[in-house]
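So the chains spell out like this:
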Amino acid sequence: MKFATKAIHAGVAPDSATGAIMTPIYQTSTYVQEGIGKHKGFEYSRTGNPTRQALEQNLAALENGRFGLCFASGMAAIDAVVKLLEPGDEVVSTNDLYGGTYRLYTQIFAKYGIKFHFTGMHDAQQVAAQINDKTRLIWVETPTNPMLNVIDIRAMAEVAHAHNCLLGVDNTFASPYLQNPLDLGADLIMHSVTKYLGGHSDVVMGALVVNDEALAEKLYFIQNSSGAVCGPMDSFLVLRGVKTLHLRMQRHSENGRAIAGFLQGHQAVDKVYWPGLPEHPNHEVAARQMRDFGGMMSFTLKKNDLATAMQVVERVKLFSLAESLGGVESLIGHPASMTHASIPKEEREKTGVVDSLIRLSVGVEDAEDLIADLEQALAGL
Ligand SMILES: *Cc1c(COP(=O)(O)O)cnc(C)c1O
């Protein structure tokens, strides 16, 4: 099956009891057993729930993977991945990382004896230099948040596998429509389902997709033991959202292209970071591993100060000033003071998160209206 067909049909079947075409919300904690150990595949909803299971199968199919697992949030999904490791193990991670992941690594798991190294990942040699015999996991985010760096997943898979490490990819920004990391050699995909997969800014959820059965078993064990599962109502909402993922991503990408072009030509704007621009330093890798370039972008102002950036984000009317991304409505954010506030200023500026950096999650509205809004917000700067 191809992508759009899978988005609509994978993992879901008409309800066997009633014929309901939509997967019911199995709002239940437990399941009646005919006798001890005699049940229909479900015993307790932390361990398994039919609505969640339909979604897990759907997401696995969208990533061309065999096994899917859904969690209460994207962070809970990453938490489960790190729990594969033992004290003394090491992780090599992208340096331009989602702030919450950086916080989980450095403030929660570091104290359990796991060591994290952060590095740029454009050069395989540079990544290999951070690996030693204790390294178990290479963690890649691409495109990165908020600088939209694109990392060559295939090259990272080669480095990881040459050193017997797992390659995990946070595929949140791309969504499975734009990029399928398992096909490029990754061992594990993580999504903040909260973003494009849910797509309607009404659910917080995370997911993992893997191909290897032994790895899937370990992750199911962690999912069930730690218990950070998502509920059936949220699973239903995401099953509904996913049915239009391909349509939304096409429009996000189209609008992204129009707005990146507009910003590039604006006199108040300094740099525009959108991987679809031929000038983007990683455009060639992006064109190779992505189907299109999406609606996430960042830009800096010629007047590189906090006050000017604040003015822009407060002047917009159609874009909403908010954290998060990937919904149908356009959002604007200021990484230095919002999503990346937990990263020390010196660290964040090294990766390009300067005071005037503004991030856009371009929605699926009419591009003309979005451009007019940005035009009035940037006027006179
Ligand atoms: C939002 C996000 C996360 C965390 O996901 P939650 O659902 O908010 O817990 C992780 N990685 C990236 C790239 C994100 O955008």
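Residues numbered from 1 in each chain as written. Predicted model: local features only at pLDDT ≥ 70, side-chain atom pairs only at ≥ 80, totals over all residues. Heavy atoms only, no water.

Visitor: Go over the overall build of the protein chain with me, naming the residues and quoting the values.
Guide: Broken down by element type, the protein chain carries 14 helices and twelve strands. What you see for the protein chain is a C-alpha radius of gyration of 21 Å, in line with the 21 Å of a compact globule of 381 residues. Judged by the C-alpha coordinates and their principal axes, the protein chain covers about 75 × 50 × 35 Å. Of all 381 residues assigned to the protein chain, the portion counted as buried reaches 55%. Counting only contacts in the protein chain whose residues sit at least 6 apart along the sequence, the fraction spanning at least 24 positions is 73%. Accessible surface for the protein chain amounts to roughly 16100 Å². Of this, 52% is attributable to carbon and sulfur atoms. One way to put it: in the protein chain the 32 positive side-chain charges average out to a point 2 Å from where the 42 negative ones average out. (Helix = DSSP H or I, 4+ residues; strand = E, 2+ residues; numbered from the N terminus. Rg over C-alpha atoms; globule rule 2.2 N^0.38 Å. Buried < 20%, exposed > 50% of the residue type's maximum accessible area, 1.4 Å probe, protein only. Contact = heavy atoms within 4.5 Å. Areas by Shrake-Rupley, 256 points an atom, 1.4 Å probe, with all protein chains shown as cover. Lys, Arg positive; Asp, Glu negative; His and termini not counted. Charge placed at Lys NZ, Arg CZ, Asp CG, Glu CD.)

Visitor: Which residues make up the domain arrangement of the protein chain, and what are the values?
Guide: Under the domain assignment, the protein chain is made up of domain 1 (3-242) and domain 2 (245-378). If you average the C-alpha positions of domain 1 and of domain 2, the two centres end up 26 Å apart. Summed over both sides, the interface of domain 1 with domain 2 buries roughly 3400 Å², with 62% coming from carbon and sulfur. Among the residues of domain 1 in contact with domain 2, Tyr177, Leu178 and Tyr196 are the three that bury the most area, contributing 24% of the side total. Counting across the interface, domain 1 meets domain 2 through one salt bridge. Linking Arg288 and Asp152 is a salt bridge whose minimum nitrogen-to-oxygen distance equals 3.2 Å. (Domains from an automatic or database assignment. Buried area = accessible area lost by both parts, 1.4 Å probe. Salt bridge = Lys/Arg side-chain N within 4 Å of Asp/Glu carboxyl O.)

Visitor: Could you give an account of the side chain of Ser175, with specific residues and numbers?
Guide: Mapped onto the fold, Ser175 is located in helix 7 (residues 175-178). Residue Ser175 is classed as buried on the basis of its relative accessible area of 0%. Those residues in contact with Ser175 that sit more than four places away from it in its chain are His191, Tyr196, Leu245 and Met249.

Visitor: Report on the pairing of strand 1 (residues 67-71), specifying residues and quantitative values.
Guide: Counting buried positions along strand 1 yields five of five residues, so the element is predominantly enclosed. Of the two faces of strand 1, the one lined by Phe67, Leu69 and Phe71 and the one lined by Gly68 and Cys70 are each fully buried. Pairing between strand 1 and strand 7 (residues 206-210): five bridges, direction antiparallel. Bridge assignment links Phe67 to a residue of strand 7, and that residue is Val210. (Pairing = 2+ DSSP bridges.)

Visitor: Kindly report on the environment of Lys6, identifying the contributing residues and their values.
Guide: Structurally, Lys6 is set in helix 1 (residues 3-9). The sequence separation of Lys6 and Gly19 amounts to 13 residues, and the corresponding C-alpha distance is 20 Å. Of the polar contacts made by the side chain of Lys6, one reaches the side chain of Asn64; its length is 2.7 Å. (Polar contact = N/O pair within 3.5 Å; in protein donor to acceptor, adjacent residues only side chain to side chain.)

Visitor: I'd like a rundown of the site of the ligand, residues and numbers included.
Guide: Close to the ligand lie 14 residues; Gly74, Asp170, Ser192, Thr194 and Lys195 are nearest. In the model, an oxygen atom of the ligand is placed 2.8 Å from a nitrogen or oxygen of the Ser192 side chain. Mapped onto the shell around the ligand, the elements with two or more residues apiece are helix 3 (74-82) and strand 6 (188-192). Along the lines of polarity and charge, the residues of the shell around the ligand split into six nonpolar, five polar and three charged. (Near = heavy atom within 4 Å. Nonpolar A, V, L, I, M, F, W, Y, C, P; charged D, E, K, R; others polar.)

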